[in-house]
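# Descriptive structure summary
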Amino acid sequence: MTRNSRFVISMLVFGYAFLYIPLLSVVVYSFNDSRLATVWGGFSTRWYGELLKNEQITSALFLSLKIGVTAATLATLFGTIAGIALARFGRFRSRSLFTGLVLSPMVMPEVITGLALLLLFVSLQQLIGWPGQRGFGTITIAHTTFAIAYVAVIVQSRLSAMDESLEEAAMDLGGRPFRVMIDITLPLIAPAMLAGWLLAFTLSLDDLVLASFVSGPGGSTLPMLIFSKVKLGVTPDINALATLIIVFISVGVLIAWSIARRMGKDSSG
Amino acid sequence: MTVDNETHAFIELRNVSKHFGDFVAVDSVNLRIEKGELFSILGGSGCGKTTLLRMLAGFEEPTSGRIFLDGVDITDQPPYERPVNMMFQSYAIFPHMTVEKNIAYGLHKDRLPKDEIEDRVGNMLKLVKMESLAKRKPDQLSGGQRQRVALARSLVKNPKVLLLDEPLAALDKKLREHTQFELMNIQDKLGITFVVVTHDQEEAMILSTRIAVMEKGRFEQIGKPKVVYEYPENRFVADFIGTINTFDGVVQDAQSGRVIIASDESGASLYALSDSPPAKGSAVCVAVRPEKIYISQNRPDNSEDVCLPGVIEDLGYFGNISLYRVRLETGKIVLVSAQNRQRTIDRTLEWDDEIFISWRPRSTVILAE
């Protein structure tokens, strides 16, 4: 029993070490005073200061956040509508085709989606003159497109777990279908929508491939910038940036998790 | 909305059918329910009873036929416009609202003034004895409490008809018995017409003024609980409600209301009373309920009664009654139940005892096939 549990514990430690030591080393080296990213030269927070002064990085970060928020919001809107249609409209005609079309961006290789979107944007520009410049708009559309699928799946699974007679009861008590959606359906799927928004936001913040395809000159997102900088060697300010992103995402996930837990408790009964 | 003057029943279904693809859930059903009734629709799963209820509520549209309520054709009205409320089997209590807000929901949709809503919600809470739990969230309630919230919520709008889908199925036995009587009291107090769907025949018997026994989308019999139990019209109803012993036989003689039936299964002639006896020589099914049969060690001397010799094959002691499985000479098994009137530990009847079973001719039911 002891040997067994020792084995289990060492596997656990090894597993976590494998996952987190790389992240930890990034955090540790972000406080490195040395200009060389891999040589320890004493503790310092100078790279965080440098980071703020680097306009290239701050503008890329701002662009990424702007795209993330917009794309996540749009994807949550459309994804929720699609999820409701999938879970509540029964067996309407061409339902399986609709399901396939909604969910296919999840399994489509990003390279292909990216290429297809780029071709679309280029030919649209030739036809109607829009989009004149590729950047915020095109990346947002690209991110929305594939994030819809994730939101739809989350909302749909939440709805299928929910008792359909809740909505019927509200209708029976005099609620018109639209009111019932506002009063009953939306509050109950709100945790799923929040989870979907956060997932969409993270996916957008994380994406390199799609953004690289559909972006134009001057429209560099944070991952694109990091990727291009790393090609010239890892600099300590990138470590500082990565640390900030880790902290930001951890806090965000913790908040989302606690909200979802509280709302989930409300609606579980 | 058309007002129909021909109909006088409070709820009337005319040739109502519901098809789901090829499956016929409800098969051109006619039904009249009077005002103030506590009407039960009783049937096994898949018999169409829930579909029928959902058509009354407006969640399903009949494939054909019309539904009238208080003289008004409501067939095409959506659920939110019908003066009908429903208590769902799952109770469907809104999990994100307090008890109070759940009950008030329907009144808010009617845009009633605030103090009237408060008044009526308060009265309902009192009626179902939930005043002290008004601010609770549903996940802090027990099953019985949730049932009462659901009941209050469906009654607060003062509907013309309350539909109840298996209202007691989710409660445990003791609570169910208690709640049955509470439901009847509330119905009596408010005078609202109740239509109950249930698969539990005991529940239907106790609650209802009338019962409709449903099978394969059609009504097999509609009548008062006593009539349905004591005078089942056919084999299905007799079998479905309670326990019954059946014998196949041929009418030998029918004179002045007294029918004599010969049966290979009983081994002796069976007697029945009937105002409209079947013709001589016709094949019939004869039935008798276990509690109508006497069991004795000696042959009873009343020659008017049906009397058959047999052997006790099995017996079960239930406390209040004893149940006997008696094997006749023909091999047929007959169920007999007897009240345990004496307080005694000694058993008078034992396994393999040779006994006689007998019953009055008027207890015999002649069933249509």
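Quick caveat: nothing in here was measured; it's all calculated off a predicted structure.

Here the focus is the side chain of Asn85(B). On the secondary structure map, Asn85(B) appears in strand β6 (residues 84-87). Since its relative accessible area comes to 3%, Asn85(B) is described here as buried. There is a polar contact of 2.9 Å between the side chain of Asn85(B) and the backbone oxygen of Asp172(A). Look past the residues within four positions of Asn85(B) in its chain and what remains in contact with it is Asp172(A), Leu173(A), Ser154(B), Lys157(B), Pro159(B), Val161(B), Leu162(B) and Leu163(B).

Tallied over the full model, the rule gives 12 aromatic pairs over all chains. Residues Phe146(A) and Tyr150(A) carry aromatic rings whose centres are separated by 6.4 Å and whose planes lie at 85° to one another, so their mutual orientation is edge-to-face. Taken as a pair, Phe146(A) and Tyr150(A) lie in helix α6 (residues 136-161) at a separation of 4 residues, close to a single helical turn. Seen from their ring centres, Phe247(B) and Trp359(B) are 6.1 Å apart, and the 20° between their planes marks the pair as stacked. Pair noted here: Phe247(B) is in strand β11 (residues 245-255) and Trp359(B) is in strand β19 (residues 354-359), with a separation of 112 residues, a long-range link. Across this residue pair, the class does not change: Phe247(B) and Trp359(B) are buried. These aromatic residues form a ring-pair network of at least three members: Phe31(A), Phe43(A) and Tyr48(A).

Here we take up empty space enclosed by the protein. All names here are of chain B. Counted according to the given criterion, the structure contains 3 cavities of 30 Å³ or more. The space that makes up the largest cavity amounts to roughly 50 Å³. Secondary structure elements with two or more residues in the lining of the largest cavity: α4 (143-155) and α5 (173-190). For the lining of the largest cavity, the element with the most residues is α5, which contributes 4 residues. A per-class count over the lining of the largest cavity returns 2 nonpolar, 4 polar and 2 charged.

This paragraph deals with the interface of chain B and chain A. On the chain A side, the residues contacting the 25 residues of chain B number 23 residues. The contact between chain B and chain A buries some 2100 Å² in all, and 58% of this surface belongs to carbon and sulfur atoms. Taken together, the connections running from chain B to chain A amount to 3 salt bridges. In this structure, the salt-bridge partner of Arg176(A) is Glu81(B), at a minimum N-O distance of 3.5 Å. For the pair chain B and chain A, the interface holds 10 residue pairs in polar contact (both at pLDDT 80 or more). Elements supplying a minimum of two residues to the side of chain B that touches chain A: α1 (49-57), β6, α2 (99-109) and α4 of chain B.

Another point: the domain arrangement of chain B. Residues and elements named next belong to chain B. Along its sequence, chain B is carved into domain 1 (11-239) and domain 2 (245-367). Here the C-alpha centroids of domain 1 and domain 2 sit 39 Å apart. The interface is formed by 8 residues belonging to domain 1 together with 8 residues belonging to domain 2. Approximately 720 Å² of surface area, both sides summed, lies buried where domain 1 meets domain 2, with 45% of it carried by carbon and sulfur atoms. Ranking the residues of domain 1 by area buried against domain 2 places Tyr-229, Glu-230 and Arg-235 at the top, with a combined share of 65%. Here domain 1 is connected to domain 2 by 2 salt bridges. Two residues, Glu-230 and Lys-292, come together in a salt bridge whose shortest N-O distance is 3.2 Å. Joining domain 1 to domain 2, the criterion identifies 4 residue pairs in polar contact (both at pLDDT 80 or more). Element by element, the count of residues in the side of domain 1 that touches domain 2 is highest for helix α7 (residues 225-230), at 3 residues. Within the side of domain 1 that touches domain 2, the residues separate by chemical class into 4 nonpolar, 1 polar and 3 charged.

Below, the discussion takes up the pattern of salt bridges. Across all of its chains, the model carries 28 salt bridges over all chains by this definition. Across the salt bridge formed by Asp110(B) and Lys157(B), the nearest N and O atoms sit 3.4 Å from each other. Taken together, the positions of Asp110(B) in the loop between α2 and α3 (114-127) and Lys157(B) in the loop between α4 and β7 (161-165) put the pair 47 residues apart, joining distant regions of the chain. With a relative accessible area of 41%, Asp110(B) lands in the partly exposed category. Overlapping salt bridges, with partners in common, bring together Glu168(A), Lys18(B), Arg54(B) and Glu60(B) in one network.

This brings us to the side chain of Lys49(B). Residues and elements named next belong to chain B. When you line up the elements, Lys-49 lands in helix α1. Exposure remark for Lys-49: the relative accessible area of 5% places this residue in the buried category. If we skip the residues at most four places from it in the chain, Lys-49 touches Ile-41, Leu-42, Gly-43, Gly-44, Glu-166, Val-197, Thr-198, His-199 and Met-214.

In this section: the sheet that holds strand β18 (residues 333-339) of chain B. Residues and elements named next belong to chain B. The strand order across the open sheet formed by 5 strands is β15-β19-β16-β17-β18, and the pairing between neighbours is antiparallel. Each edge of the open sheet carries a strand with a single partner, namely β15 (294-296) and β18. Across this sheet, the average inter-strand angle for adjacent strands is 45°, counted without regard to direction. Pairing geometry for strand β16 (residues 306-317) and strand β17 (residues 321-328), over 7 bridges, is antiparallel.

Here we come to unusual backbone geometry. Leave glycine aside and you will find that most residues have negative phi; peptide bonds, for their part, are mostly trans. All names here are of chain A. In this structure, Pro-131 follows Trp-130 across a cis peptide bond, with omega equal to 0°. As for its placement among the helices and strands, Pro-131 is situated in the loop between α5 (110-128) and α6. Positive phi, close to 60°, is recorded for Ser-94, a residue that is not glycine. Considering the arrangement of structural elements, one finds Ser-94 in the loop between α3 (55-88) and α4 (95-107).

Another aspect to go through is the environment of Val153(A). All names here are of chain A. Locating Val-153 in the fold gives a position in helix α6. Separated by 66 residues in sequence, Val-153 and Ala-87 have C-alpha atoms that sit 9.7 Å apart. If sequence neighbours within four positions are ignored, Val-153 has contacts with Leu-103 and Met-106.

This part takes up the nonpolar core. Side chains that are nonpolar tend, in soluble globular proteins, to be buried together. Ile184(A), Ile11(B), Leu13(B), Leu52(B), Phe94(B), Leu163(B) and Val195(B) are the most contacted members of the largest nonpolar core, which totals 55 residues. Among the elements that take part in this core, helix α8 (residues 177-206) of chain A stands out by supplying 7 residues, more than any other. With sequence-adjacent residues up to four places away left out, Val195(B) is seen in contact with Ile11(B), Ile33(B), Phe39(B), Ile41(B), Leu53(B), Leu56(B), Val161(B), Leu162(B), Leu163(B) and Leu164(B). Counting residues in each nonpolar core, the second largest holds 34 residues, with Met87(B), Leu141(B), Leu155(B) and Ile186(B) among its members.

Calculation rules
- Residues numbered from 1 in each chain as written.
- Chains lettered and ligands numbered in written order.
- Predicted model: local features only at pLDDT ≥ 70, side-chain atom pairs only at ≥ 80, totals over all residues.
- Heavy atoms only, no water.
- Helix = DSSP H or I, 4+ residues; strand = E, 2+ residues; numbered from the N terminus.
- Buried < 20%, exposed > 50% of the residue type's maximum accessible area, 1.4 Å probe, protein only.
- Polar contact = N/O pair within 3.5 Å; in protein donor to acceptor, adjacent residues only side chain to side chain.
- Contact = heavy atoms within 4.5 Å.
- Phe/Tyr/Trp six-rings, centres within 6.5 Å; stacked < 30°, edge-to-face > 60°.
- 1 Å grid on protein atoms, 1.4 Å probe; cavity = no way out; pocket = protein on both sides within 12 Å on 5 of 7 lines; lining within 4 Å.
- Points joined across faces, edges and corners; volume = space filled by probe spheres on them.
- Nonpolar A, V, L, I, M, F, W, Y, C, P; charged D, E, K, R; others polar.
- Buried area = accessible area lost by both parts, 1.4 Å probe.
- Salt bridge = Lys/Arg side-chain N within 4 Å of Asp/Glu carboxyl O.
- Domains from an automatic or database assignment.
- Pairing = 2+ DSSP bridges.
- Axes fitted to C-alpha atoms, helices over the stretch in contact; angles between N-to-C directions.
- Core = buried A, V, L, I, M, F, W, Y, C linked by side-chain atoms within 4.5 Å.

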